[in-house]
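Fold and geometry: a report
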Number of protein chains: 2
Amino acid sequence: MSVSEVGEFGLIERLARLVETRPAPRSAPQPVGLDLGIGDDAAAWRTTPDLLQLATTDTLVDQVHFDLATTGWRDLGWKALAVNVSDIAAMGGSPRYALVTLGLGRSQPAADIEELYRGVQEHCQAYGLAVVGGDIVRSATTFISVTVVGEGSEPLLRRSTGVPGYRLAVTGWLGNSAGGLRVLRQLKEQRRKEPRSAAERTLVATHRRPQPRVQEGLALAERGVTCGMDVSDGLLGDTTRLCEASGLGARLYLEALPVHPALQEVFPNECRQIALIGGEDYELLCAIAPDQVEAVQRGLERATGTRLAVVGELDGPPVHGRRVRVLDASGAEVEPSGWSWEHFS
Amino acid sequence: MSVSEVGEFGLIERLARLVETRPAPRSAPQPVGLDLGIGDDAAAWRTTPDLLQLATTDTLVDQVHFDLATTGWRDLGWKALAVNVSDIAAMGGSPRYALVTLGLGRSQPAADIEELYRGVQEHCQAYGLAVVGGDIVRSATTFISVTVVGEGSEPLLRRSTGVPGYRLAVTGWLGNSAGGLRVLRQLKEQRRKEPRSAAERTLVATHRRPQPRVQEGLALAERGVTCGMDVSDGLLGDTTRLCEASGLGARLYLEALPVHPALQEVFPNECRQIALIGGEDYELLCAIAPDQVEAVQRGLERATGTRLAVVGELDGPPVHGRRVRVLDASGAEVEPSGWSWEHFS
């Protein structure tokens, strides 16, 4: 069976089992203080009773995760950091240190790499972390692999702590990044350089410079929210992942998705679909007890200026049918015309 | 200027300057407790007054760092972990957690990847660390990128703390891994499957399953050694790096290099040259005050069974000529016929 037949998540599951089920020989010292291994946005271990270290890694590959025809080197550097910082935000932690590995061809102009590094540095300065190491390797395929270590304290935001009846809520707006990518592809096809409108510019900017929700993750955790993750592969796909980790099902309300006026203006017919399945939002998705929703919404907006939209509800485990059902305004189940993006599929 | 013209280390230097020299805006929180950034084997930061976290990352790329014709998937998994664990050992720390990223083609058999992961897991069990996360991405070029986080305490082994007159010493044997690679290439050319002798098998085994010197790093640090690094790119190249970090020069004594009988048997004419410049030894190189050498040697051998060979001496900064001079038994300077291996060059 090939990697593409097993699929990324299938393969990760098989490998995670391989790591977890083999007993260690008695002679080997065991890692102490590990709170959370494979399966959440970041791993977590304890260095003092109160302090957790969080670690995550994400890699962007040319022609798979980015296209230098639509992404500049500097924005690529920003994004490679942002996708990792978002995983730390998704735990309710603070990013601290980054290790950056570049895979490059021999003939790559060094100026491009410096430009990429400027984007890395801009992101690090904006989010208060430091690049402390990395590696540069020769590779026929260009890639950038980043590990970010952060700090946090319990209770973290986890994927596995959902409760039936809890409301699903997301920060900010959904679909702007995917909309921005569509605009960039149209520009490329039409050999135009610049977006045509302020709305297009808004979408493109979101795609190029995603803003991970670090302050929001901290604010949610401080307000007692314990279940959450970031929305990187699209709301529908990531809600499915949260439900799998919690052993639950869920409903999503298509009409409730926070669609930005710019997305509505540029893609009036498809904006909800894009908000539902478009990836790279880097917003936070969380589950909140019904009687806490309003207080959390108010508190988050006061602390960070960011709105929190209720987009659905957790159910018990699905007996039959889909794990996550999408309902329209009339309560009828919608058949999504595409699922969220997964590598290898 | 292209990446290959600047060179890996030149590029890293330029990027490190970019990271360090740009002042952070006042609004961004600053990483606290960073003890050591880019430039040593691992980064280090403090989570309590006594406890340091150490982090390092290293990536192996198909056809650059490995060749699946001479390296099996399982050995590749072992090695990808070992090169990182060695960087933690080089600081005098203990490896704890690993994040493993795989870049794979769509058609890669999943069984190969599971085999690779078995090698990862074998190394983790032998060295007492846990895989806590990672990423799997599609890539036309196969690669494996690993980050290892470890723990340690001051004084760490650093590259920058060399003192003129201190003796340079290395653990174990030099050149066996490079010798093993030569044997494997000969086997491939001659379409043979198996090494012809016990000596060849010894070299091949060292190449396939390097054993990072974690216990030795701890033992050196406990015995007051504060200057050291691992030998991954060859003794000559890595001594140069240690000298650069310490702002010093050095002499290496060709006759003093610890050459294993197996290397001498298989490559009788070139064994010293291989020991001097062959890479992937993953031994430790350290600098020790002259009056401490014997005590450290005795203590290390008692604690770990590993011998420590004096191979040279640190000098003041070179006024002219090479930073590191290699001397033969008569004290004459030898012209090394090749320098240590560097990507892109």
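So, how was this worked out
Residues numbered from 1 in each chain as written. Chains lettered and ligands numbered in written order. Predicted model: local features only at pLDDT ≥ 70, side-chain atom pairs only at ≥ 80, totals over all residues. Heavy atoms only, no water. Pairing = 2+ DSSP bridges. Helix = DSSP H or I, 4+ residues; strand = E, 2+ residues; numbered from the N terminus. Axes fitted to C-alpha atoms, helices over the stretch in contact; angles between N-to-C directions. Contact = heavy atoms within 4.5 Å. Salt bridge = Lys/Arg side-chain N within 4 Å of Asp/Glu carboxyl O. Buried < 20%, exposed > 50% of the residue type's maximum accessible area, 1.4 Å probe, protein only. Core = buried A, V, L, I, M, F, W, Y, C linked by side-chain atoms within 4.5 Å. Parallel < 35°, antiparallel > 145°, perpendicular 65-115°, else oblique. Left-handed = near helix turned anticlockwise from the far one by under 90°. Nonpolar A, V, L, I, M, F, W, Y, C, P; charged D, E, K, R; others polar. Domains from an automatic or database assignment. Buried area = accessible area lost by both parts, 1.4 Å probe. Polar contact = N/O pair within 3.5 Å; in protein donor to acceptor, adjacent residues only side chain to side chain. Expected span 1.5 Å × (residues − 1). 1 Å grid on protein atoms, 1.4 Å probe; cavity = no way out; pocket = protein on both sides within 12 Å on 5 of 7 lines; lining within 4 Å. Points joined across faces, edges and corners; volume = space filled by probe spheres on them. Phe/Tyr/Trp six-rings, centres within 6.5 Å; stacked < 30°, edge-to-face > 60°.

Quick word on the sheet that holds strand β4 (residues 94-104) of chain A
All names here are of chain A. Within the open sheet, the 6 strands sit side by side as β1-β2-β3-β6-β4-β5. Their pairing is mixed. Edge positions in the open sheet fall to β1 (34-36) and β5 (130-138), since each of these has one partner strand only. The average angle at which neighbouring strand axes cross in this sheet is 20°, direction not considered. Examined bridge by bridge, strand β3 (residues 52-61) and strand β6 (residues 143-152) share 10 bridges and lie antiparallel to one another. The residue bridging Leu52 from the neighbouring strand is Gly152, located in β6. With respect to the sheet, helix α3 (residues 73-89) is in contact with β3, β4 and β6, its orientation differing from that of β3 by roughly 145°. Across the sheet, helix α4 (residues 110-127) is in contact with β4, β5 and β6; its angle to β4 comes to roughly 170°.

Some words on the pattern of salt bridges
Residue and element names in this part refer to chain A. A full pass over the atoms with the stated rule returns 50 salt bridges over all chains. Lys188 serves as the salt-bridge partner of Asp67, at 3.1 Å between the closest nitrogen and oxygen. Of the two residues, Asp67 is situated in the loop between β3 and α3 and Lys188 in helix α5 (residues 176-189); the sequence distance between them amounts to 121 residues. On the basis of relative accessible area, Lys188 is assigned to the partly exposed category, the value being 45%.

Some remarks on the nonpolar core
Residues Leu11 of chain A together with Leu81, Val100, Leu102 and Ile144 of chain B are the most contacted members of the largest nonpolar core, which totals 40 residues. Elements supplying a minimum of two residues to this core: α1 (3-6) and α2 (8-21) of chain A together with β3 (52-61), α3 (73-89), β4 (94-104), α4 (110-127), β5 (130-138) and β6 (143-152) of chain B. Per-element tally for this core: the top contributor is α3 of chain B, with 9 residues.

With respect to the packing of α3 of chain A against α4 of chain A
Residue and element names in this part refer to chain A. At their nearest, the axes of α3 and α4 sit 6 Å apart, and the two run at 40° to each other. Considering the angle they form, α3 stands oblique to α4. Helix-helix and strand crossings are classified by hand; for α3 and α4 the assignment is right-handed. Seen from α3, the contacting residues are Trp73, Arg74, Leu76, Gly77, Trp78, Leu81, Ala82 and Val85; seen from α4, they are Asp112, Ile113, Glu115, Leu116, Arg118, Gly119, Val120, Glu122, His123, Cys124, Ala126 and Tyr127. Looking at side-chain class alone, the contact of α3 with α4 contains 12 nonpolar, 3 polar and 5 charged residues.

Considerations on the domain arrangement of chain A
Residue and element names in this part refer to chain A. Partitioning chain A into structural domains gives domain 1 (36-152) and domain 2 (167-334). Here the C-alpha centroids of domain 1 and domain 2 sit 23 Å apart. The interface is formed by 22 residues belonging to domain 1 together with 19 residues belonging to domain 2. For the pair domain 1 and domain 2, the summed buried area comes to about 1,800 Å², and 52% of that belongs to carbon and sulfur atoms. Here domain 1 is connected to domain 2 by 5 salt bridges. With a closest N to O distance of 2.8 Å, Arg209 and Asp75 form a salt bridge. The interface formed by domain 1 and domain 2 contains 9 residue pairs in polar contact (both at pLDDT 80 or more). If one sorts the elements of the side of domain 1 that touches domain 2 by residue count, α3 sits on top with 10 residues. Its residues assigned to classes, the side of domain 1 that touches domain 2 shows 9 nonpolar, 6 polar and 7 charged.

What about the environment of Arg208 of chain B?
If you trace the backbone, Arg208 of chain B turns up in helix α6 (residues 198-208). Ignoring sequence-local partners within four residues, the contact set of Arg208 of chain B consists of Thr70, Asp75, Trp78 and Leu184 of chain B.

Observations concerning α3 of chain A
For an α-helix the count is 3.6 residues per turn, leaving residues at separations of three or four pointing the same way. Given a rise of 1.5 Å per residue, 17 residues ought to cover 24 Å, and the 24 Å separating the end C-alpha atoms of α3 of chain A matches this to within 8%. Of all 17 residues making up α3 of chain A, 16 are buried, and the element is well covered by its neighbours.

Structural notes on empty space enclosed by the protein
In this structure the tally under the stated criterion is 1 cavity of 30 Å³ or more. Within this model, the largest cavity holds a volume of roughly 40 Å³. Lining the largest cavity we find 13 residues, and of these Ser145 and Thr147 of chain A together with Thr57, Ser145 and Thr147 of chain B sit closest to its centre. At the level of secondary structure, the elements contributing two or more residues to the lining of the largest cavity comprise β4 and β6 of chain A together with β4 and β6 of chain B. When the residues that make up the lining of the largest cavity are grouped by side-chain class, the tally is 5 nonpolar, 8 polar and no charged.

Quick notes on the sheet that holds strand β9 (residues 249-253) of chain A
Residue and element names in this part refer to chain A. In space, the 7 strands of this open sheet follow the order β8-β10-β7-β11-β9-β12-β13, with mixed pairing throughout. Looking at strand neighbours, the two that pair on one side only are β8 (227-231) and β13 (333-334), the edges of this open sheet. Summarising the sheet, strand β7 (residues 167-171) and strand β10 (residues 283-288) pair through 4 bridges and their orientation is antiparallel. Bridged to Ala169 within β10 is Cys286. Sheet contacts for helix α11 (residues 293-304): β7, β10 and β11 (308-315); angle to β11, the most-contacted strand, approximately 150°.

A short note on the pairing of strand β7 (residues 167-171) of chain B
All names here are of chain B. Buried residues dominate β7, accounting for 4 of its 5 residues. Pairing of β7 with strand β11 (residues 308-315), which is carried by 5 bridges, proceeds in the antiparallel orientation. Within the sheet, the bridge partner assigned to Ala169 lies in β11 and is Val310.

A word on the packing of aromatic side chains
Going through the model one piece at a time under the given rule, you end up with 5 aromatic pairs over all chains. Pairing Phe143 of chain A with Phe143 of chain B gives two aromatic rings, centres 3.8 Å apart and planes at 5°, and the pair type is stacked. Residue Phe143 of chain A is located in strand β6, and its partner Phe143 of chain B is located in strand β6; the two belong to separate chains. A single burial state applies to Phe143 of chain A and to Phe143 of chain B, both of which are buried.

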